[in-house]
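Close look at the chain arrangement
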Amino acid sequence: MQALRRMDRAAAARVVLRWVGLIVALAVLALPAAVLTSSVDRHFGPHEARYSLNLSGEIVVDLGPLGAVVMPAEGHLPAGLGVHADIREIPADVGAAGSTDSIGSLSQDVAAYGTFFAQPHALIDDITRAFTTDILMRELAFVVAGLVVVLALRLLLGPPRRAELKDKARRHPLTLTTAASCAALLVAAGLIAQTWEDQERPEGNAVFAGTPLEGARVTGRLSAVVDEVGALVTEYYEENEEFYAEARANLRAAWEMEREELGFGGPGHRPQLVPPAHSYAAEDLSTFLMVADLHCNVGMPEVVREALLQSGAEYYLDAGDITMNGTEAENYCVDAAAAAVPEHIPKLFVKGNHDTEETADAARRAGFEVLEDEEIELGGVTFYGDADPRYTQFGVGSTLERDEDQAQFTERMRQEACTRDIDVLFLHDPRYGFPALSAGCAPLVLAGHWHRAVLPEVQGRGILYVSSTTGGALANALTPGPLRMDAEMTLMRFDRQTGAAVDYRIIAVHPDRSVTLGPWTPMPAPPAAPVPAPDAGELPAQEPEEAQNDTGPRGPAVI
């Protein structure tokens, strides 16, 4: 009996191994088909685009009768693979859809092109991830289809015919092996033939030298234009790169000078403790870097990265409005912001009124924790918040994104803060937190939205802090390019045990590329008696053009 059991187990193992081998073989055979039939829909600048894989070794952006932009795929895709991008129309929801301001819409389209050409890697990385998912799904479909065919053949042949074929295979193993080897060689030869290149590819246009598009060339009717206007584009790109590179260098130099003056360690060292932080050991404090209102400025994230590295911040907070209009075409702005944050640093994001659910989804894919009606604990600090209920487009105005108006949202934030044990109410628009402050349910409200700072101050029974814009976003102006107003970010330290804010410092990058490291300043003490917080009022959905007339509780605001 034991011998029979062993035989049964051995037979079962052989069957399992045969099926596993079949699945592996089908997967190997299906891989080239899955790769070469893969296509994904994404954006190119403000345009919709269909991207498909091939074996050209080049990334080709097909602009129809205007020609094409061609750049080497090396460094972006596995050896031999290329991408063909079929550029289509600009969707109606990009820019100021429905607006009569055609110049404003065109300016946003130009800004989208400029942002892409300044940071093409963010889009390429997004497309690569999309291709990976598509290839895996196609591979699975092909393997399942292959298994269905094999099972169908087994049923059609029947046991006697299968036994006959097995007997022939055992008597002629060399013939079968040779046939399989020849088939594999033919497939490999076909793939090699398509990727084999005896001649060198044409050189790229000189105008792209030294840019992220180095090696790219333009064909067709655009080729006669690119050298004429390319100098202007290159000048803009170089000015932008030089501006933010110098800002990063100035930030690094400011930190090095401070370390030298105070006599402490290198980048990432965090011993500078002022009252009341001087009573803490460094390990008892959690250090956060907070940004807000980047508005698709893809130059500033690298400056933010420098601040993270130099300060030794452990957590990253984004108070919303990463984008200008929250379209899928602007997901590269989210990717650029996320890519600048070192992988070991957790990232928390709350959606602003210029962001959308598409933006929130892109943030999740990029590694952010997205705060949506939930508590999230980081470094001993419990955050609660939710997405801004509005959707605001430049040149169009605001609409509600869900079945909840601003007054209802504000009241819900108060109720949630009063029923939860939180340390920070983290919102995009500070006005949503006023009732919670008045009720004593939010020890600290952190927000952005106004594009000007409100330094930490007592409001109601808590503390309010509003960050200025990290993108240097002026009212009704696009952010790509060098700064036209100060860009700010804030370092904050919290007690890991109690979750209470201890102190903060503001880092400001100025339009002349200089950097100011503000002093570490103690957070205000919790109020002994309530201080009246401003009345949030009806919180009307404002047009961006009217933002500078929004008096709010702290004077003119820019949203």
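Read on for a plain summary of the structure.

**Concerning the overall build of the protein**
Scanning the protein from N- to C-terminus turns up ten helices and 22 strands. A total of 559 residues make up the protein; the buried ones form 47% of that total. Looking at the protein alone, contacts between residues at least 24 apart form 66% of all its contacts between residues at least 6 apart. Carbon and sulfur atoms provide 59% of the accessible area of the protein, an area that totals close to 26,100 Å².

**Notes on the state of the cysteines**
Each disulfide is one covalent bond, formed between the sulfur atoms of two cysteines. Tallied over the full model, the rule gives two disulfides. In this model cysteine 296 forms its disulfide with cysteine 333; the gap between the sulfur atoms is 1.9 Å. Across the disulfide from cysteine 296 to cysteine 333, rotation about the S-S bond amounts to roughly 95°, and the bridge is consequently right-handed. With cysteine 296 in the loop between strand 7 (285-291) and helix 6 (300-311) and cysteine 333 in helix 7 (residues 331-339), this residue pair connects regions lying 37 residues apart in the sequence. Taken as a pair, cysteine 296 and cysteine 333 share a single burial class, namely buried.

**Some points on helix 9 (residues 406-419)**
The terminal C-alpha atoms of helix 9 lie 20 Å apart, and with 14 residues this matches the ideal 20 Å at 1.5 Å per residue to within 8%. Taken together, the buried positions of helix 9 are occupied by Gln406, Phe409, Thr410, Arg412, Met413, Glu416 and Ala417. Taken end-on, helix 9 shows its buried residues confined to a sector of 160°, consistent with a single buried face. Residues of helix 9 that are buried make contact with strand 12 (381-385), strand 13 (390-393), strand 14 (397-400) and helix 10 (434-438). If you check the start of helix 9, you find a side-chain oxygen 3.2 Å away from the backbone N of alanine 407, and it comes from aspartate 405.

**Some points on the pattern of salt bridges**
Tallied over the full model, the rule gives 23 salt bridges. Across the pair arginine 414 and glutamate 411 runs a salt bridge whose closest N-O atoms are separated by 2.5 Å. In this pair, arginine 414 and glutamate 411 both sit in helix 9, three residues apart, roughly one turn of the helix. Here arginine 420 ties to glutamate 416 by a salt bridge, and the two come within 2.8 Å at their closest N and O atoms. Among the residues examined, arginine 420 registers a relative accessible area of 25% and is labelled partly exposed.

**What about the pairing of strand 18 (residues 462-466)?**
In terms of burial, strand 18 is a largely internal element, five of the five residues being buried. Burial along strand 18 is two-sided: the residues Gly462, Leu464 and Val466 and Ile463 and Tyr465 are all buried. When strand 16 (residues 444-447) meets strand 18, the two strands line up parallel, connected through four bridges. Its bridge partner lying in strand 18, leucine 446 is registered against tyrosine 465. Looking at chain direction, strand 17 (residues 454-459) and strand 18 are connected through four bridges and run antiparallel. Along strand 18, the bridge assignment pairs valine 458 with isoleucine 463. If you look at the hairpin formed by strand 17 and strand 18, you'll find two residues sitting between the two strands, and glycine 460 has a positive phi there, around 60°.

**Observations regarding the sheet that holds strand 11 (residues 374-378)**
Within the open sheet, the six strands sit side by side as 11-12-15-16-18-17. Their pairing is mixed. With one partner strand each, in any of the chains shown, strand 11 and strand 17 form the two edges of the open sheet. Pairs of neighbouring strands in the sheet enclose a mean axial angle of 25°, with direction left out of account. The pairing of strand 15 (residues 424-426) with strand 16 spans two bridges and is classified as parallel.

**Some points on the packing of aromatic side chains**
Summed over the entire model, instances satisfying the criterion amount to nine aromatic pairs. Geometrically, the ring pair formed by tyrosine 465 and tyrosine 504 is tilted, given 6.1 Å between the ring centres and 35° between the ring planes. Taken together, the residues tyrosine 465 in strand 18 and tyrosine 504 in strand 20 (residues 501-509) connect sequence positions 39 residues apart. Of the two residues, tyrosine 465 and tyrosine 504, both sit in the buried class.

**Quick word on the nonpolar core**
Counting 43 residues, the largest nonpolar core has Met300, Tyr316, Met489, Ile507 and Val509 as its most contacted members. At the level of elements, helix 5 (223-262), strand 7, helix 6, helix 7, helix 8 (357-365), strand 19 (487-495), strand 20 and strand 21 (515-517) are the ones that each hand at least two residues to this core. Per-element tally for this core: the top contributor is helix 7, with six residues. Ignoring anything within four residues of it in the chain, the contact list for tyrosine 316 reads Leu289, Val291, Leu294, Val304, Leu308, Val341, Ile345, Pro346, Lys347, Leu348 and Phe368. Grouped together as the second largest cluster of nonpolar side chains are 24 residues, Leu317, Val424, Leu446 and Ile463 included.

**Let's talk about the side chain of glutamate 457**
As for its placement among the helices and strands, glutamate 457 is situated in strand 17. Within polar-contact distance, the side chain of glutamate 457 engages the side chain of glutamine 459 at 2.5 Å.

Reading the values: the criteria
Residues numbered from 1 in each chain as written. Predicted model: local features only at pLDDT ≥ 70, side-chain atom pairs only at ≥ 80, totals over all residues. Heavy atoms only, no water. Helix = DSSP H or I, 4+ residues; strand = E, 2+ residues; numbered from the N terminus. Buried < 20%, exposed > 50% of the residue type's maximum accessible area, 1.4 Å probe, protein only. Contact = heavy atoms within 4.5 Å. Areas by Shrake-Rupley, 256 points an atom, 1.4 Å probe, with all protein chains shown as cover. Disulfide = S-S within 2.5 Å. Expected span 1.5 Å × (residues − 1). Arc of directions from axis to C-beta. Polar contact = N/O pair within 3.5 Å; in protein donor to acceptor, adjacent residues only side chain to side chain. Salt bridge = Lys/Arg side-chain N within 4 Å of Asp/Glu carboxyl O. Pairing = 2+ DSSP bridges. Axes fitted to C-alpha atoms, helices over the stretch in contact; angles between N-to-C directions. Phe/Tyr/Trp six-rings, centres within 6.5 Å; stacked < 30°, edge-to-face > 60°. Core = buried A, V, L, I, M, F, W, Y, C linked by side-chain atoms within 4.5 Å.

Treat this as a map of the structure, not an account of what it does.
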